[in-house]
Amino acid sequence: MKRHEFLKELHKVSGNRNYLEIGVNDGRSLRLSRVPTIAVDPAFKVVTEFRCDVHLVRATSDDFFARDRPLIHLKGGRHPLRNLRRGRGPLAYWRRTVLDLSFIDGMHLFEYALRDFMNIERHSDWTSVIVFDDMLPRNVDEAARDRHTGAWTGDVYKLAEILGRYRPDLVTVLVDTQPTGQLVVFGADPRSTVLRERYDEIVAEYEVPDPQKVPETILDRAGAVAPEALLGAGFWRPLARARTLRIGRSRGWEALRTAVEGVGHGRTRLQA
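**Considerations on the overall build of the chain**
A count of helices and strands for the chain gives twelve helices and seven strands. Dimensions of the chain, computed from the C-alpha atoms along their principal axes, are close to 55 × 40 × 35 Å. Burial analysis of the chain (272 residues in total) assigns 53% to the buried set. Considering only intrachain contacts with a sequence separation of at least 6, the fraction spanning at least 24 residues in the chain is 65%. Carbon and sulfur atoms make up 50% of the accessible area of the chain, which totals about 12,900 Å². Of the charged side chains in the chain, 43 are positive and 37 negative; the average position of the first set lies 10 Å away from that of the second.

**With respect to the confidence of the model for the chain**
Looking at the chain, the pLDDT average stands at 92 and 90% of residues meet or exceed 70. Below a pLDDT of 50 lies the segment residues 267-272, which in the model reaches 22 contacts outside its immediate sequence neighbourhood of four places, other chains included.

**Some thoughts on the pattern of salt bridges**
Taken as a whole, this structure holds 19 salt bridges when the rule is applied. Between Arg138 and Glu142 there is a salt bridge, and its shortest N-O distance comes to 2.5 Å. In this structure, Arg198 and Glu201 form a salt bridge, with 2.9 Å as the shortest nitrogen-oxygen distance. The partly exposed category is assigned to Arg198, whose relative accessible area is 37%. Exposure remark for Glu201: the relative accessible area of 36% places this residue in the partly exposed category. Shared partners join several salt bridges into a network, and the residues in it are Glu111, Arg145, Asp155, Lys158 and Glu207.

**Concerning the packing of aromatic side chains**
A full pass over the atoms with the stated rule returns six aromatic pairs. Ring geometry for Phe186 and Trp236: centres 5.7 Å apart, planes at 50 degrees, overall tilted. With Phe186 in strand 7 (residues 182-186) and Trp236 in helix 11 (residues 236-244), this pair connects stretches of sequence that are 50 residues apart. As far as burial versus exposure is concerned, Phe186 and Trp236 are alike and both buried.

**Looking at the environment of Ala242**
Along the chain, Ala242 turns up in helix 11. The exposure class of Ala242 is buried, given its relative accessible area of 7%. Along the chain, Ala242 and Phe117 lie 125 residues apart, while their C-alpha atoms are 22 Å from each other. When residues no more than four places from it in sequence are discounted, the contact partners of Ala242 are Trp126, Thr127 and Ile247.

**Describing the sheet that holds strand 5 (residues 129-133)**
Here seven strands make up an open sheet; going across it, the order is 3-2-1-4-5-7-6 and the pairing mixed. Because the sheet does not close on itself, it has two edges, and the strands there are strand 3 (54-57) and strand 6 (171-175). Across the sheet, the axes of successive neighbouring strands diverge by a mean angle of 15 degrees, strand direction being ignored. By the bridge criterion, four bridges tie strand 4 (residues 101-104) to strand 5 in an arrangement that is parallel. From the neighbouring strand, Ser102 faces strand 5, where its bridge partner is Ile130. Sheet contacts for helix 6 (residues 158-166): strand 5, strand 6 and strand 7; angle to strand 7, the most-contacted strand, approximately 20 degrees. Against the sheet, helix 12 (residues 249-263) touches strand 6 and strand 7, its axis set at about 25 degrees to strand 6.

**As for a positive patch on the surface**
On the surface, a cluster of positive charge is made up of Lys8, Arg31, Arg34 and Arg51. For Lys8, the position within the fold is in helix 1 (residues 3-13). Owing to a relative accessible area of 44%, Lys8 belongs among the partly exposed residues under this scheme.

**Considerations on the side chain of Gln182**
Looking at the secondary structure, you find Gln182 in strand 7. Of note is the side chain of Gln182, whose polar atom sits 3.1 Å from the side chain of Thr177. Beyond its immediate sequence surroundings of up to four residues, Gln182 is in contact with Arg3, Phe6, Leu7, Phe103, Val131, Phe132, Asp133, Met135, Val173, Leu174, Val175 and Thr177.

**Concerning the packing of helix 6 against helix 8 (residues 199-206)**
Remark: helix 6 packs on helix 8, axes separated minimally by 12 Å, with the N-to-C direction vectors making an angle of 135 degrees. Considering their axes alone, helix 6 and helix 8 lie oblique with respect to each other. The element helix 6 and its partner helix 8 pack so that their crossing is right-handed. Along its contact with helix 6, which presents Lys158, Glu161, Ile162, Arg165 and Tyr166, the element helix 8 presents Glu201, Ile202, Glu205 and Tyr206. Across the contact of helix 6 with helix 8, the residue classes break down as four nonpolar, no polar and five charged.

What counts as what
- Residues numbered from 1 in each chain as written.
- Predicted model: local features only at pLDDT ≥ 70, side-chain atom pairs only at ≥ 80, totals over all residues.
- Heavy atoms only, no water.
- Helix = DSSP H or I, 4+ residues; strand = E, 2+ residues; numbered from the N terminus.
- Buried < 20%, exposed > 50% of the residue type's maximum accessible area, 1.4 Å probe, protein only.
- Contact = heavy atoms within 4.5 Å.
- Areas by Shrake-Rupley, 256 points an atom, 1.4 Å probe, with all protein chains shown as cover.
- Lys, Arg positive; Asp, Glu negative; His and termini not counted.
- Charge placed at Lys NZ, Arg CZ, Asp CG, Glu CD.
- pLDDT = per-residue confidence, 0-100.
- Salt bridge = Lys/Arg side-chain N within 4 Å of Asp/Glu carboxyl O.
- Phe/Tyr/Trp six-rings, centres within 6.5 Å; stacked < 30°, edge-to-face > 60°.
- Pairing = 2+ DSSP bridges.
- Axes fitted to C-alpha atoms, helices over the stretch in contact; angles between N-to-C directions.
- Patch = residues over 30% accessible without salt bridge, like charges linked within 9 Å, V, L, I, M, F, W, Y side chains within 5 Å.
- Polar contact = N/O pair within 3.5 Å; in protein donor to acceptor, adjacent residues only side chain to side chain.
- Parallel < 35°, antiparallel > 145°, perpendicular 65-115°, else oblique.
- Left-handed = near helix turned anticlockwise from the far one by under 90°.
- Nonpolar A, V, L, I, M, F, W, Y, C, P; charged D, E, K, R; others polar.

Here it is as structure tokens:
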């Protein structure tokens, strides 16, 4: 399954009520959205039509998240019925805006992608779904920090190891999409400060000159699940329901965690 096919299906099964995209380029992934959307890219060159209420932001993601109210487009106004007509919750203006589905496909260097994740997590919750693109480079040249190939993933593949090491409270799933894989993250916790506190330490360790020492497990796609297996898992409906009912982390996360982890072992739970 190609990456855009996977994203299209993810929009369906995740039940997301809003969408954030970092790295728009020509808009091929952005056009899949049908919900209120924010898309950020300092040099987008959109060549396709959209069928959603979208705010296109011409800025770097760092500058975007430094704004006073970066997600104001998703919040809506004070009029409940008008909010409903615009695809927002009737009381969205008075509630914290939570990102349901986010796609990180910006600068292909791990420290940029890491900052994007940290910023997105501040506006997410345990029911949020965060996707990294280009997580399975096909060769060492494609994974170089200094681009010298046509197709380029950079070294964002390092995020799988970094999150596993520093944030074991999250669940990450490598997905075997074409051409260069994706990483889906569950269990975001906006209260976590671990990555911010240890950011400099992480960059000092993982920023190394080319050629990158890409693990064989990444090049061989060992442990990456079939996209159909993740999309067909039984936890998506309960996840969307928990989001709608605003169920707290303490009541819902452990069951979801078990179900998501089961996808990688050929079993799924939390069906409803």
